[in-house]
Every structure is written in structure tokens, then in C-alpha cells.
Amino acid sequence: QVQLEESGGGLVQPGGSLRLSCGASGTIFRIYVMGWYRQAPGKQRELVAAFTYGGSTNYTDSVKGRFTISRDIPKNTVYLQMNSLKPEDTAVYYCNAQISADWVTPPYDYWGQGTQVTVSS
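Residues numbered from 1 in each chain as written. Predicted model: local features only at pLDDT ≥ 70, side-chain atom pairs only at ≥ 80, totals over all residues. Heavy atoms only, no water.

J.: With reference to specific residues and values, describe the packing of aromatic side chains.
T.: If you walk through the whole model with that rule in mind, you get 3 aromatic pairs. Seen from their ring centres, Tyr-32 and Tyr-53 are 5.2 Å apart, and the 35° between their planes marks the pair as tilted. Of this pair, Tyr-32 sits in strand S4 (residues 30–39) while Tyr-53 is found in the loop between strand S5 (46–51) and strand S6 (57–59), placing the two residues 21 residues apart along the sequence. For Tyr-53, a relative accessible area of 49% gives the class partly exposed. Where Tyr-108 meets Tyr-110, the ring centres are 4.8 Å apart and the plane angle is 65°; that geometry is what we call edge-to-face. When its relative accessible area of 15% is taken as the criterion, Tyr-110 is described as buried. (Phe/Tyr/Trp six-rings, centres within 6.5 Å; stacked < 30°, edge-to-face > 60°. Helix = DSSP H or I, 4+ residues; strand = E, 2+ residues; numbered from the N terminus. Buried < 20%, exposed > 50% of the residue type's maximum accessible area, 1.4 Å probe, protein only.)

J.: I'd like a description of the nonpolar core, backed by residues and values.
T.: By size, the foremost hydrophobic cluster in this structure holds 28 residues, and its most contacted members are Leu-4, Trp-36, Leu-80, Met-82 and Tyr-93. Sorting the residues of this core by element identifies strand S1 (2–7), strand S3 (18–26), S4, S5, strand S7 (67–72), strand S8 (77–82), strand S9 (91–100) and strand S11 (115–119) as the ones contributing at least two each. With 5 residues, the single largest contributor to this core is S9. (Core = buried A, V, L, I, M, F, W, Y, C linked by side-chain atoms within 4.5 Å.)

Next up, the structure:
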């Protein structure tokens, strides 16, 4: 079993910054993909930013230049630095990771519980 623990959400004014953290713990052999999704009220969940297995990063267009994903590999942790936040960034942010428990088991898709980010004056 794997747990993803998120932290760092909250209320911030437009133009402000927040930093989200997500740590994976449990039986981890290999992390293939790890990153962040978000879901605003009435909208579908969308990818925000993620590390691929090869270490490259993907960002949704609306956050490019404002958000930065980083990671601490030994700690199985990813971070999302969010700058120049806009009201449209308001959403529940979910950590996601595809993790295998051993070398024969296919990776499983894990989700965190979500952390609320609200951008409002």
C-alpha cells in the first residue's frame, strides 16, 4: 500500500504564491509518474504539472511560466511552486503518482486526498 500526503494549500490573494508538497510513503519499488492535478467546481479534473518516468516535466498551458514542479527523489516527494496566482487557479489540487510495489507488479495509480487552493481578494 502507498499513501500520498499533501500539504500547502490555503487562501491567497491574486498575484500571491503558494507551495504544495506531496510525499509518497509505503511499499514503493519505483515511481513512474508523479505530479499534480486540479479540479475546479463544475469542471473536469485536469493535469497541472507532472514528472514523467524519464524525468521530464509536463505543464498545462495555463500555468506555464507561473508554476514550477520540483522533486526530492530520495524523499519520494514532489513540490509545486505556484506564483502569480489567479482566481481561475482556484481548485482542489490532487497529488497523483503511478507506483509499482516490486519489479513484477504493474504500476498502480494513487491519489492524494486533495488540498484546497483559493485565490481571492
